[in-house]
Amino acid sequence: MSWYYTPHPTVVPAEDFDASADANALRKAMKGFGTDEQAIIDILCARSNGQRQEIAEAFKRELGRDLIDDLKSELGGKFEDVILGLMLRPEAYLCKQLHKAMDGIGTDEKSLIEIICPQTNDQIRAIVDCYEEMYSRPLAEHLCSETSGSFRRLLTMIIVGSRDPQGTVDPELAVEQAKQLYDAGEGKLGTDEEVFYKILAHA
């Protein structure tokens, strides 16, 4: 019995992939009067992220143009947002959304939770490195400036990568920790937050 959900991606690497052919097809779709948006969808939405990065490299190498710049100049609105999002590496896209959630007045705490909490330690490290590279600011520092109290402490503990590696489950320990969580919450008056931090930030 598996203790973890095994994801099954719906976008997989295209067979017989040819980055050069795709790059030229995209250029054709954007060249001249009008833009063939369906051609852009058919290519970029049927390629894995790694293949899309290869297409961008081929676009630059063979056509001497920046694919992102061309897409920005030819597209608009929500369609542009989706296509440009597809062209980002996964960690870069998540960093962009984290920054958006903390930029300006107020903080979108729901987005912070949805992005940070599901990540493995390796994914968190990639996001932390990418965030500082993109924004010249440590992610932990930005989080601390935009959150407070228990929420800030929990997020900080998660992004330092202190959780057990995925797949390392001790059933007996899980039962014991479930009891500890109950005793720290439902089983008493008030809540012992320290117990929740210790278990949830490391599990």
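Residues numbered from 1 in each chain as written. Predicted model: local features only at pLDDT ≥ 70, side-chain atom pairs only at ≥ 80, totals over all residues. Heavy atoms only, no water.

Looking at an unreviewed UniProt entry, the protein chain carries the name Annexin, with the source organism given as Anopheles melas. Of the protein chain, the UniProt comment under Sequence similarities (unreviewed entry) reads exactly: "Belongs to the annexin family." (UniProt positions renumbered as here; feature names shortened; annotations may be inferred.)

Student: Mind showing me how you'd approach the packing of aromatic side chains here?
Tutor: Describing an aromatic ring pair means giving the distance of the ring centres and the angle of the ring planes. A complete count under the given rule lists 1 aromatic pair for this structure. On the basis of an interplanar angle of 45° and a centroid distance of 4.9 Å, the ring pair of Tyr131 and Tyr135 is categorised as tilted. Placement of both Tyr131 and Tyr135 in helix α8 (residues 121–135) is noted, with a separation of 4 residues, approximately one turn of the helix. (Phe/Tyr/Trp six-rings, centres within 6.5 Å; stacked < 30°, edge-to-face > 60°. Helix = DSSP H or I, 4+ residues; strand = E, 2+ residues; numbered from the N terminus.)

Student: Sorry, what's going on with the pattern of salt bridges here?
Tutor: Side chains that carry opposite charge are capable of pairing whenever their charged atoms lie near each other. What the rule picks out here adds up to 7 salt bridges. A salt bridge links Asp22 to Arg47; the nearest nitrogen and oxygen atoms lie 2.7 Å apart. Of this pair, Asp22 sits in helix α1 (residues 19–30) while Arg47 sits in the loop between α2 (37–44) and α3 (49–63); the two residues are 25 residues apart in sequence, bridging distant segments of the chain. What makes Asp22 buried here is its relative accessible area of 8%. Using a relative accessible area of 15% as the deciding quantity, one classes Arg47 as buried. Arg61 is paired through a salt bridge with Glu62; the nearest N and O atoms lie 3.5 Å apart. What makes Arg61 exposed here is its relative accessible area of 57%. (Salt bridge = Lys/Arg side-chain N within 4 Å of Asp/Glu carboxyl O. Buried < 20%, exposed > 50% of the residue type's maximum accessible area, 1.4 Å probe, protein only.)

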